[in-house]
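Okay, here's what each chain looks like letter by letter:
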Amino acid sequence: MLHSMSTTVEAASERSAAEVNEEIRALWRRSGGTLTTEQREVYQRLVLEWAQAAPHSDRAA
């Protein structure tokens, strides 16, 4: 039962791009390189979350 908190809005709103990126990496490791339909939906949400977090943490300067 490897279920992540990434599907909750509360967790998503406070995470850095690095944290989201690590979860994306973990998803790929667990999947063995082939995402199921459900995993692909999680991946898409994570990528969107990462894209929203990245400008704040990576381009603030």
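Everything numeric here is computed off the predicted structure, so don't read it as measured data.

Undergrad: Even after reading the chapter, I still don't get the overall build of the protein chain, so can you show me in this structure?
TA: When helices and strands are tallied, the protein chain shows three helices and zero strands. What you see in the protein chain, going N to C, is helices and strands ordered as α-α-α. The buried share of the protein chain, reckoned over its 61 residues, is 28%. Carbon and sulfur atoms make up 55% of the accessible area of the protein chain, which amounts to about 4,700 Å² in all.

Undergrad: Just checking my understanding: could you explain the environment of R45 for this structure?
TA: Along the chain, R45 falls in helix α3 (residues 37-58). Assessed through its relative accessible area of 42%, R45 is described here as partly exposed. Expressed as a C-alpha distance, the spacing of R45 and I24, which sit 21 residues apart in the sequence, is 9.9 Å.

Undergrad: What should I look at first to understand the side chain of S31 in this one?
TA: Within the element layout of this structure, S31 appears in helix α2 (residues 17-31). One polar contact links the side chain of S31 to the main-chain carbonyl oxygen of W28, over a distance of 2.9 Å.

Undergrad: Quick question: what am I supposed to make of α2 here?
TA: One full turn of an α-helix is made of 3.6 residues, so residues set three or four places apart face in the same direction. Compared with the 21 Å implied by 1.5 Å per residue over 15 residues, the 21 Å span of α2 between its first and last C-alpha is a close match. When we look at burial in α2, the residues that qualify are A17, V20, E23, I24, A26, L27 and S31. Following α2 by one or two positions, G32 has its phi on the positive side, about 70 degrees.

Cut-off values and rules
Residues numbered from 1 in each chain as written. Predicted model: local features only at pLDDT ≥ 70, side-chain atom pairs only at ≥ 80, totals over all residues. Heavy atoms only, no water. Helix = DSSP H or I, 4+ residues; strand = E, 2+ residues; numbered from the N terminus. Buried < 20%, exposed > 50% of the residue type's maximum accessible area, 1.4 Å probe, protein only. Areas by Shrake-Rupley, 256 points an atom, 1.4 Å probe, with all protein chains shown as cover. Polar contact = N/O pair within 3.5 Å; in protein donor to acceptor, adjacent residues only side chain to side chain. Expected span 1.5 Å × (residues − 1).

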